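# Remarks on the overall topology
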Amino acid sequence: MPLTTNDPTVRPSQPSVSSYKPLLKYFCVRFCVAVTLTVMLLAVVELYAYRRYLHFGSNDALEPAVKLDLAAGGSAEDQEYWAEFEKANKVVYHQYVLWRRASYQGQLLSIDQDGVRRTLNTQCDAKALTIWTFGDSVMWGAGTPDAGTIPSFLALDYEKAGKPACIVNYAEKGWSNSQELIGLIEQLKHAARKPDIVLFYDGGTEAFAAYQSGRADVHSNFNMFQDFLANWGTKQRASFSYLEETNTYRMLDRISRRTPFHRNQGNSRTAPETDTLSSEVVDNYAQNMQIVNLLGKLYDFRPVFAWYPNLAVGHKQLTPYEQQVMRFEDEAFPDLRLMYEAVYQKSAGIKQANFYNLENAVDDQSDSLYVGISHMKAEGNRILADRLFKILEASGSASATANTVHSGAPKNSGS
């Protein structure tokens, strides 16, 4: 009897392997096409993110203010300075103080191999008065060429007075006073020529670092450094953490920061929190002053501390440009001005004779002096340098009189 397909004793024939080859080929071709298109899309997004948000963008809080100033008719020198500033705006790791500027040599801006910016009009012969200046980017001179920094104008004041001075600008962007203290200690240990005067020019970063991190006595971007070290072990193991380093991730993160939800989760604090934190900031600064005063006795230099003015404090009549800069700042850092105001108000509690609050130093000026909330144009730096020169000369005369009356003994070698 013939076999039929219904016979349960007969197994149906199996398709041969060769019959699957067209299906496999079809799948592989389309899979490769899909992968290729996905990779191309990711590459396009990555390139877009690089060009749009990173290459042409800047994390510098001054950027909107600078663009606004240049658009209002910046000179050719202004254009050249900011071009050099962008090239020189790089930092390298520096022991104990974390960062300093990388070496850069330009026509209007020059930084040596130790990260120290050039000071003009300075004379460092054996008999010249030696002054070291410390501070953040305001003392460093962000916004002006080398000739327009406070140290350069201060050196010019001494030159005009017939008292040539050797002034070294050890300031660095984003430095808090505790970093400056550590930097001073390192220089005292290693510098061949010790200072006669050490001038600290602070206030802004003390307030900003506390606002940024929510705690006193920390440097700028403290939370970022903390997170980096906390995740250090993860980066040494197999993981997908490298995705956070891509331009696409950074672009998406930057976009998310602009959402109302993220802004609401920012650095806003209640009045009691701001009051407590500002008190801690000022207490920390006062303690640092005591340490520097002790170092001054040991190394035979005179310490002077001054807090600079900014748009959030004082009573200067703001120009339309300065009002716009303040609006930029309020938008980028909500409630920051409240921290500035609280910290500067609390600084009145520092009762040491060598502390000077200069928040009202430009209240009588009607021209635009600022480029950013704290950085000043050359004219503003000249005004503050003249004020600091008078302070240094007056306090120097008082110290000389005190030494003559009370000690009657020569200074020690300071070595």
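Predicted model only: the values in this text are computed from it and were never measured. (Residues numbered from 1 in each chain as written. Predicted model: local features only at pLDDT ≥ 70, side-chain atom pairs only at ≥ 80, totals over all residues. Heavy atoms only, no water.)

### Overview of the overall build of the protein
Keep this limit in mind: In this description a helix means any DSSP run of H or I spanning at least four residues, a strand means any run of E spanning at least two, and both kinds are numbered starting from the N terminus. Think of it in three bands: residues with accessible area under 20% of the maximum for their type are buried, residues over 50% are exposed, and the middle band is partly exposed, with areas taken using a 1.4 Å probe on protein chains only. In what follows, residue pairs with any heavy atoms lying within 4.5 Å of each other are defined as contacts. Using the Shrake-Rupley algorithm and a 1.4 Å probe, accessible areas are obtained, with residue cover drawn only from the displayed protein chains.
Secondary structure summary: the protein contains 15 helices and 9 strands in total. Per-residue burial over the protein gives 41% buried out of 415 residues. At a minimum sequence separation of 6, the contacts of the protein that also span at least 24 residues come to 77%. Accessible area of the protein: about 23,300 Å², with a carbon and sulfur share of 58%.

### Overview of the side chain of Glu329
Test applied: His is not counted here, nor are the chain ends, while Lys and Arg score as positive and Asp and Glu score as negative. Whenever Lys or Arg places a side-chain nitrogen within 4 Å of a carboxyl oxygen from Asp or Glu, that contact is recorded as a salt bridge.
As for its position among the elements, Glu329 is in helix H13 (residues 320-332). For the buried residue Glu329, which engages in no salt bridge, the nearest side chain bearing the opposite charge is Arg337, 9.6 Å off. Not counting the four nearest positions on each side in its chain, Glu329 is found in contact with Leu336 and Ile373.

### A closer look at the packing of helix H7 (residues 204-213) against helix H14 (residues 336-346)
Worth spelling out the cut-off: Structural elements are reduced to axes, namely lines fitted to C-alpha atoms, with helices fitted over the stretch in contact, and the angle between N-to-C directions of any two is expressed from 0 to 180 degrees. Any angle from 65 to 115 degrees is called roughly perpendicular, while one under 35 is roughly parallel, one over 145 is roughly antiparallel, and all others are oblique. Crossing handedness follows the turn of the near helix against the far one: under a right angle anticlockwise gives a left-handed crossing, and clockwise gives a right-handed one. For this classification, Asp, Glu, Lys and Arg are treated as charged, while Ala, Val, Leu, Ile, Met, Phe, Trp, Tyr, Cys and Pro are nonpolar and the rest, including Gly, are polar.
Interhelical geometry of H7 versus H14 gives an angle of 130° and a closest axis separation of 9 Å. Judged by the angle between their axes, H7 and H14 are oblique. Of the two possible hands of crossing, H7 and H14 adopt the one that is right-handed. Contacts between H7 and H14 involve Gly204, Ala207, Phe208 and Tyr211 on the former and, on the latter, Leu336, Met339, Tyr340, Val343 and Tyr344. A class-by-class count of the residues in the contact of H7 with H14 yields 8 nonpolar, 1 polar and no charged.

### Notes on the sheet that holds strand E9 (residues 355-357)
In plain terms, the rule: One requirement defines pairing of two strands: DSSP has to find at least two bridges between them.
Reading across from one edge, E6-E5-E7-E8-E9 is the order of the 5 strands in this open sheet, with parallel pairing throughout. Looking at strand neighbours, the two that pair on one side only are strand E6 (165-169) and E9, the edges of this open sheet. With direction set aside, neighbouring strand axes in the sheet form an average angle of 20°. Direction of pairing for strand E7 (residues 197-202) relative to strand E8 (residues 302-307): parallel, over a ladder of 6 bridges. Counted as the bridge partner of Leu199 is Val304 from E8. Of the strands in this sheet, strand E5 (129-135), E6 and E7 touch helix H5 (residues 150-160), which is tilted by about 175° from E6. Contacting E7, E8 and E9, helix H12 (residues 271-299) crosses the sheet at an angle of about 160° to E8.

### Things to note about the pairing of E7
Most of E7 sits out of view: 6 of its 6 residues are buried. Going residue by residue along E7, you find Ile197, Leu199 and Tyr201 tucked away on one face and Val198, Phe200 and Asp202 tucked away on the opposite face as well. Relative to E7, E5 is paired through 5 bridges, and the arrangement is parallel. Residue pairing for E7: Thr133 is matched across the bridge by Leu199.

### Details of the environment of Gly349
Within the secondary structure layout, Gly349 lies in the loop between H14 and E9. Residue classification places Gly349 among the exposed positions, given a relative accessible area of 54%. Counting along the chain gives 66 residues from Gly349 to Asp283, while the straight-line C-alpha distance between them is 9.0 Å.

### Notes on the nonpolar core
The condition is simple: Side-chain atoms within 4.5 Å are what join buried Ala, Val, Leu, Ile, Met, Phe, Trp, Tyr and Cys residues into a set we call a nonpolar core.
In terms of nonpolar packing, the biggest core is built from 91 residues, with Trp132, Leu184, Tyr201, Tyr340, Leu384 and Leu388 touching the most fellow members. Among the elements that take part in this core, H12 stands out by supplying 8 residues, more than any other. Discounting chain neighbours no more than four positions away, the residues touching Tyr201 are Phe134, Gly135, Asp136, Val138, Met139, Ile150, Ala306, Tyr308, Pro309, Leu358, Leu384 and Leu388.

### Digging into the packing of H12 against H14
With their axes 9 Å apart at the nearest point, H12 and H14 run at an angle of 50° to one another. Classified by the angle their axes make, H12 and H14 are oblique. Considering how the two elements wind past one another, H12 and H14 form a crossing that is right-handed. Touching Thr274, Asp275, Leu277, Ser278, Ser279, Val281 and Val282 of H12 are Leu338, Met339, Ala342, Val343 and Lys346, all from H14. By residue class, the composition of the contact of H12 with H14 is 7 nonpolar, 3 polar and 2 charged.

### Details of the state of the cysteines
One covalent bond between the sulfur atoms of two cysteine residues makes up a disulfide. Put simply, the rule reads: Note on disulfides: each one is a pair of cysteine sulfur atoms within 2.5 Å.
This structure, assessed with the given rule, holds 1 disulfide. Put simply, Cys124 and Cys166 are joined by a disulfide, and their sulfur atoms are 2.0 Å apart. Taking the sign of the torsion about the S-S bond as the criterion, the disulfide between Cys124 and Cys166, at about 80°, is right-handed. Highlighted residues: Cys124 in the loop between strand E4 (110-111) and E5 and Cys166 in strand E6, separated in sequence by 42 residues. Considering cysteine sulfurs only, Cys28 is the nearest to Cys32, which forms no disulfide, with 6.4 Å between them.

### Some thoughts on the packing of aromatic side chains
The cut-off we apply is this: Stacked, tilted and edge-to-face are the three classes applied to pairs of Phe, Tyr and Trp rings, where Trp contributes its six-membered ring and a pair requires centres within 6.5 Å; stacked means planes under 30 degrees apart, edge-to-face means over 60, and tilted covers the rest. Charge-over-ring placement is defined geometrically: NZ (Lys) or CZ (Arg) within 6 Å of the ring centre, and within 35 degrees of the ring normal.
Taken as a whole and judged by the stated rule, the model has 20 aromatic pairs. An angle of 50° between the planes, with centres 5.3 Å apart, marks the rings of Tyr201 and Tyr308 as tilted. With Tyr201 in strand E7 and Tyr308 in the loop between E8 and H13, this residue pair connects regions lying 107 residues apart in the sequence. Both residues of the pair, Tyr201 and Tyr308, belong to the buried class. These aromatic residues form a ring-pair network of at least three members: Trp132, Phe134, Tyr170, Phe200, Tyr285, Phe305, Trp307, Tyr344 and Phe355. Looking at Arg101, its charged tip hangs above the ring of Trp140, at a distance of 3.9 Å from the centre. Positioned over the ring face of Trp140 is Arg117, at 4.3 Å from the centre of the ring.

Function cannot be read off these values alone, since they describe shape.
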